[in-house]
Amino acid sequence: MSARSRRAAARARHPTARTWPPDRARLLRVLAERAAGRGARWPRVAAAVIALRGVAGDDRPTFAARVGIPLDRLERLEEGREPPAAVPPALRAVRGVVDWAWVDAGPPAGPPG
Amino acid sequence: MDGQGCDGDLAEIMARMAEGDDAAMVTLYERYRTPIAGAVQRELRHRGVRLGRDEVGGLVIDVCLELRSIAGAWSPEGGATPWVWARHRIGNLVDRVVGQHAAALDEARLAAVEAPEPAVGAADDRSLVDALARVAPDLESARLVAEALEAARLSPRDRELVLEYAYEKQAGNPAPATTVAAQLGMKEATVRQAFRRAVQRLRRLAAEDERFAPLAELPLLA
């Protein structure tokens, strides 16, 4: 094995070469707490939609177009003004980011605003 | 994406965070959590504290929230990534968690001590050289680096410079010389030259002395 190969192997083993695993469940809880703090009626819905847009790296207009929903509907979802049943199927189809059972089990935070 | 450097992607994310977009904070987390975790772990190392992955993971999210709150003050023009630029803030977040792990104050012992001696320990590490010296007895790679700095006859200033420069580089700072120059009160060109010379001496040492050969495998000499 050449010195270059040994160095490459050492770099691959080094901790800095590894990626930090995501903890999306915790991130969702944090986002839901923030949404609840802003008065969202459905904070888990808000957290889930914000997380999905964040993973996509889109701004709101781009994401609304990507999902195929009007911008104002996306805004209502992100503001937690829509119940879990209103989440578009295109978002529910995304795997590995959001635990939809957790979202669906989330009670409304308070009376409708 | 490894999060190295202040690219346009990072600048755009920070700009959206400054506008109050929580989704941008998620994007930051998704794309840059690894170097942010590195910044958190550096602060922990400076304090001589080890936390579990779960606690570090929580801190990484806390850092993203913190960066969101101060995103408007960051500029890509400065050359430092947000987590390097805001490292004192990160240190404060770490202190909040580490404080929860501190042993209870021994009031009886405290009362018995009239003139407390200077504390010895991780919290007193003023520099990476101090931190290296402290962990060297228990960590073979750290001991090897410490001995190599000695064997290469680097001055105390150059030892500090080499470690700081190497850390900044590994942490994703695209302009390590700028940061280290500010820390040590030197010119950037001098920092770069001193680092280059010091690394050359360490490489020579690794090539000529079998005991130091493993140094060549470390990112420090890459």
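Being a predicted model, the structure only gives us computed values, none of them experimental. (Residues numbered from 1 in each chain as written. Chains lettered and ligands numbered in written order. Predicted model: local features only at pLDDT ≥ 70, side-chain atom pairs only at ≥ 80, totals over all residues.)

1. Remarks on the overall build of chain A
Okay, step 1: Helix and strand counts for chain A come out as seven helices and zero strands.
Okay, step 2: Moving toward the C terminus, one meets the helices and strands of chain A in the order α-α-α-α-α-α-α.
Okay, step 3: Residue burial in chain A is summarised as follows: out of 113 residues, 31% are buried. (Helix = DSSP H or I, 4+ residues; strand = E, 2+ residues; numbered from the N terminus. Buried ≥ 20, exposed ≤ 12 C-beta atoms within 10 Å, placed from the backbone.)

2. Overview of the overall build of chain B
Okay, step 1: Looking only at helices and strands, chain B features eleven helices and zero strands.
Okay, step 2: Along chain B, from the amino end to the carboxyl end, the secondary structure elements read α-α-α-α-α-α-α-α-α-α-α.
Okay, step 3: In chain B, the share of contacts with a sequence separation of at least 24, taken over all contacts with a separation of at least 6, comes to 64%. (Contact = placed C-beta atoms within 7 Å.)

3. Notes on the interface of chain A and chain B
How big an interface is tends to be stated in terms of the accessible area lost upon association of its parts.
Okay, step 1: Taken together, the 22 residues of chain A in the interface contact 22 residues of chain B.
Okay, step 2: Every element with two or more residues in the side of chain A that touches chain B is listed here: α1 (3-13), α2 (24-37) and α3 (43-56) of chain A.
Okay, step 3: Classifying every residue of the side of chain A that touches chain B by side-chain character gives nine nonpolar, five polar and eight charged. (Nonpolar A, V, L, I, M, F, W, Y, C, P; charged D, E, K, R; others polar.)

4. Remarks on the packing of helix α2 (residues 22-46) of chain B against helix α3 (residues 53-70) of chain B
Residues and elements named next belong to chain B.
Okay, step 1: In contact at an axis separation of 9 Å, α2 and α3 are set at 120° when each is read in the N-to-C sense. The orientation of α2 relative to α3 falls into the category oblique. The two elements α2 and α3 cross, and the hand of that crossing is right-handed. Facing Met25, Leu28, Tyr29, Arg33, Ile36, Ala37, Val40 and Gln41 of α2, the residues of α3 in contact are Val56, Leu59, Val60, Ile61, Val63, Cys64, Leu65, Leu67 and Arg68.
Okay, step 2: Taken together, the residues of the contact of α2 with α3 sort by class into 14 nonpolar, one polar and two charged. (Axes fitted to C-alpha atoms, helices over the stretch in contact; angles between N-to-C directions. Parallel < 35°, antiparallel > 145°, perpendicular 65-115°, else oblique. Left-handed = near helix turned anticlockwise from the far one by under 90°.)

5. Some remarks on unusual backbone geometry
Okay, step 1: At Arg153 of chain B, a residue that is not glycine, the phi angle is positive and equals roughly 55°.
Okay, step 2: Examined against the element boundaries, Arg153 of chain B turns out to sit in the loop between α8 (140-151) and α9 (156-170).

6. Here's the deal with the environment of Leu144 of chain B
Residues and elements named next belong to chain B.
Okay, step 1: Looking at the element boundaries, Leu144 is found in helix α8.
Okay, step 2: For Leu144, a count of 18 C-beta atoms within 10 Å gives the class partly exposed.
Okay, step 3: Setting aside its immediate chain neighbours within four residues, Leu144 contacts Phe212, Pro214 and Leu215.

7. Concerning helix α10 (residues 176-184) of chain B
Residue and element names in this part refer to chain B.
Okay, step 1: For α10, every residue scored as buried is listed here: Pro176, Ala177, Thr179 and Val180. Down the axis of α10, the buried set is contained in an arc of 160°. They therefore lie on one face.
Okay, step 2: Phi turns positive one or two residues past the end of α10, at Gly185, with a value near 65°. (Arc of directions from axis to C-beta.)

8. Structural notes on the nonpolar core
Okay, step 1: Core analysis: the largest hydrophobic core is formed by 85 residues, its most contacted members being Ala51 of chain A together with Val40 of chain B.
Okay, step 2: With twelve residues, α2 of chain B is the largest single contributor of residues to this core.
Okay, step 3: Two domains each put at least three residues into this core: domain 1 (8-100) and domain 2 (124-221) of chain B.
Okay, step 4: The residues contacting Val40 of chain B, other than those within four sequence positions of it, are Val56, Leu59, Val60, Val63, Ile90 and Val94 of chain B. (Core = buried A, V, L, I, M, F, W, Y, C linked by C-beta atoms within 7 Å. Domains from an automatic or database assignment.)

9. Focus: the packing of α9 of chain B against helix α11 (residues 188-208) of chain B
All names here are of chain B.
Okay, step 1: Close contact between α9 and α11 brings their axes to 10 Å; oriented N to C, the two are set at 95°. It follows that α9 is roughly perpendicular to α11 by the angle criterion. Each of Asp158, Leu161, Val162 and Tyr165 in α9 lies in contact with α11, whose residues at this interface are Val191, Ala194, Phe195 and Ala198.

10. Observations concerning the environment of Gly96 of chain A
Residue and element names in this part refer to chain A.
Okay, step 1: Considering the arrangement of structural elements, one finds Gly96 in the loop between α6 (89-92) and α7 (100-104).
Okay, step 2: Judged by local crowding, Gly96 falls into the exposed class, with 8 C-beta atoms found within 10 Å.
Okay, step 3: Between the alpha carbons of Gly96 and Arg24 there is a distance of 9.1 Å; along the sequence they are 72 residues apart.

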